[in-house]
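# Results of the structural survey
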Amino acid sequence: MKILGIETSCDDTGIALIDGKKVLYNKIFKQHHEFGVIPENAARDHFDAIKKNIKEIEKPDLIAYTNGPGLIGSLFVGASFAKALAYSFGIPSIAINHLEAHVMLPYWLYEFEMPFVCLLISGGHTMLVFVRRLGDYEVISRTMDDAVGEMLDKVARNMGLAYPGGIEIEKLAKAADFQEKFVFPVPVKNSDDFSFSGLKTAAIRQICADDTTEKKANFCFYFQEHVGNLLAEKLARVAKKYEVKNWVISGGVAANKTIRRKIEEVGVANVFYPEIEICTDNGLMIAALASLRFPKFGATSLNIRCDAGWKM
Ligand code: AMP
Ligand code: MG
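A few points on the structure. Residue indices begin from 1 for each chain and proceed along its sequence in written order. The order in which chains are written sets their letters, starting at A; the order in which ligands are written sets their numbers, starting at 1. It should be noted that, the model being predicted, local features are given only for residues of pLDDT at least 70 and side-chain atom pairs only at 80 or more, the latter also being counted only at that level, while totals for whole chains, interfaces and linings use all residues. Calculation of side-chain values draws on the structure's entire complement of heavy atoms; hydrogens and water are dropped beforehand.

## Some details on the site of ligand 1
The test is simple: The nearness test applies per residue and asks whether one of its heavy atoms lies within 4 Å of the molecule or strand. Contacts described as polar in this section are N or O atom pairs within 3.5 Å, which, within protein, must combine one atom able to donate a hydrogen with one able to accept it, while residues neighboring in sequence count only if both atoms come from side chains. Residue burial considers only the protein chains on display, and all accessible areas are found by Shrake-Rupley using a 1.4 Å probe. A helix here means a DSSP run of H or I that spans at least four residues, while a strand means a run of E at least two residues long, and both kinds are numbered starting from the N terminus.
Taken together, 19 residues lie around ligand 1, and Gly123, Asp153, Gly166, Glu170 and Gly252 are the ones closest in. Interatomic distance of 2.9 Å between a backbone N/O atom of glycine 123 and an oxygen atom of ligand 1. Against a free-state accessible area of 510 Å², the protein chains account for coverage of 92% of ligand 1. Where the shell around ligand 1 is concerned, the elements lending two or more residues are helix H4 (148-158) and helix H5 (165-173). For the shell around ligand 1, the element with the most residues is H5, which contributes four residues.

## Quick word on the coordination of the magnesium ion (ligand 2)
As a reminder of what qualifies: Sites may look incomplete, because water is not among the atoms used; the donor set itself consists of N, O and S atoms within 2.8 Å of the metal (3.2 Å for Na, K and Ca). The cut-offs for exposure are 20% and 50% of the maximum accessible area for each residue type, with area from a 1.4 Å probe on protein chains only; residues under the lower value are buried, those over the upper are exposed, and the others partly exposed.
Around the magnesium ion (ligand 2), the protein contributes the donor atoms His98 (NE2), His102 (NE2) and Asp281 (OD), which lie 2.0 to 2.3 Å from the metal centre. For the magnesium ion (ligand 2), the single-chain donor residues occur in sequence as H-x3-H-x178-D. Of this pair, histidine 98 sits in helix H3 (residues 98-110) while aspartate 281 is found in the loop between strand S10 (270-272) and helix H9 (283-293), placing the two residues 183 residues apart along the sequence. We classify aspartate 281 as buried; its relative accessible area is 14%.

## A short note on the side chain of threonine 143
Rules: We call two residues in contact whenever any of their non-hydrogen atoms come within 4.5 Å of each other.
Topologically, threonine 143 is positioned in the loop between strand S8 (136-142) and H4. Within the local environment of threonine 143, its side chain forms a polar contact with the backbone oxygen of aspartate 146, the two atoms lying 2.5 Å apart. Beyond its immediate stretch of four places on either side in the chain, threonine 143 contacts Thr126, Phe194, Ser195 and Phe196.

## Observations concerning the sheet that holds S10
Formally: One bridge is not enough; two strands pair if DSSP finds at least two bridges between them. Fitted lines through C-alpha atoms serve as axes, helices being fitted only where they are in contact, and the angles separating the N-to-C directions of these axes extend from 0 to 180 degrees.
Spatially, five strands are ordered S8-S7-S6-S9-S10 in an open sheet, and the strand pairing comes out mixed. Of all strands in the sheet, those with a lone pairing partner are S8 and S10, marking the two edges. Looking at each pair of strands side by side, their axes are set apart by 25° on average, direction ignored.

## Topic: the pairing of strand S2 (residues 13-19)
The buried fraction of S2 amounts to six of the seven residues, a majority that puts the element mostly inside the structure. Where strand S1 (residues 2-7) meets S2, six bridges bridge the pair, whose relative direction is antiparallel. Bridge pairing in S2 links lysine 2 to aspartate 19. Connecting S1 to the next strand, S2, in antiparallel fashion are five residues.

## Points about the nonpolar core
Filter applied, for reference: Nonpolar cores were defined as sets of buried Ala, Val, Leu, Ile, Met, Phe, Trp, Tyr and Cys residues, with membership established by side-chain atoms within 4.5 Å.
Formed by 45 residues in total, the largest nonpolar core has its most connected members in Leu119, Ile121, Met151, Phe219, Phe223 and Val227. For this core, the secondary-structure elements that each account for two or more residues are strand S6 (116-121), strand S7 (126-133), H4, H5, helix H6 (197-204), helix H7 (213-239), strand S9 (246-250) and helix H8 (257-266). Looking at this core element by element, the count peaks at 11 residues for H7. Apart from the residues lying within four places of it in its own chain, the contact partners of leucine 119 are Met127, Leu128, Phe194, Leu231, Leu235, Val248, Ile249, Ser250 and Ile263. Formed by 32 residues, the second largest nonpolar core is a distinct cluster that contains Ala16, Leu99, Ala101 and Leu289.

## Re helix H1 (residues 39-53)
Put simply, the rule reads: A helix is expected to span 1.5 Å for every residue after the first. Taking the helix axis as origin, the arc is that swept by the directions to the C-beta atoms.
For H1, which comprises 15 residues, the first-to-last C-alpha distance of 21 Å matches the rise-based estimate of 21 Å (1.5 Å per residue) to within 8%. Listed as buried for H1 are Ala42, Ala43, His46, Ala49, Ile50 and Asn53. Angular distribution of buried residues about the axis of H1 spans 130°; they occupy a single face of the element. The outward face of H1, more than 90 degrees from its buried face, is lined by the exposed residues Glu40, Arg44 and Lys52. Residues of H1 that are buried make contact with S1, S2, strand S3 (22-29) and helix H2 (72-89).

So far we have only geometry, and geometry alone does not tell us how the molecule works.
This is the structure we're talking about:
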């Protein structure tokens, strides 16, 4: 069965086509706005990206689209396109939860044993989820304020770095000469929950766009190490309570090599990551989750009911 996956929750447009486990097409069209995500522009750009690129794809048997959570304008563009296409082809469509897709992508890729625990670290979310089986999830903890990716983006912007900031911080950290050291606070120590807004403020106070590249590089190095330690410590804490064999780390921030190394140092059994290119939002995860869910969880009607706050 050929499944087309359309992802438009935020600013990246993801389009993918799978046939069973074969990936026939998988592209991410990144939007480039100087000031980060501007919701109305994001929605318009999704429309253009889908219109331009959908022609490359052969006719699917099912169309999956992101129904939430996300920016409502962006979601509506993807959902409307998906529904209209499905209607014209006379094929079913299926609404997919974006968070569940991030969590389940490594399972679809590597087919390991359940249950597992997923650390989802992205631009909009930071959470630990216990996955008993498909559709049976327990959110163990989440961020009390900012998402980790959102914090990285804001700290990077404050330094005058490009968007998305997480990747820029990772690049600049490589140039550190260790002539200057930076220290940061450790938020919510005795809890499984995360918090990044206080850390963001503490970070922003130590650096600005006018600082030298050497200073920024050292800052990025220590900041990235610190964020990696915080995430690894939470994982170690939760690993004591959930004795699972398998762990999943997903979402855009999971692309970070320092964070991956810190998590590996915790020594939990098997850790599965999506490949770097499919850590950030992508259409493959939408198609992949649809292939796990369909037909048991059924197709959706032609009504469009995007849910900007859809929980897992
Ligand atoms: P997502 O919301 O899953 O699309 O992920 C986007 C977020 O991932 C943004 O906040 C990015 O700054 C962050 N991100 C992407 N690549 C990296 C990286 N290599 N290191 C850290 N953060 C990253
Ligand atoms: Mg995402």
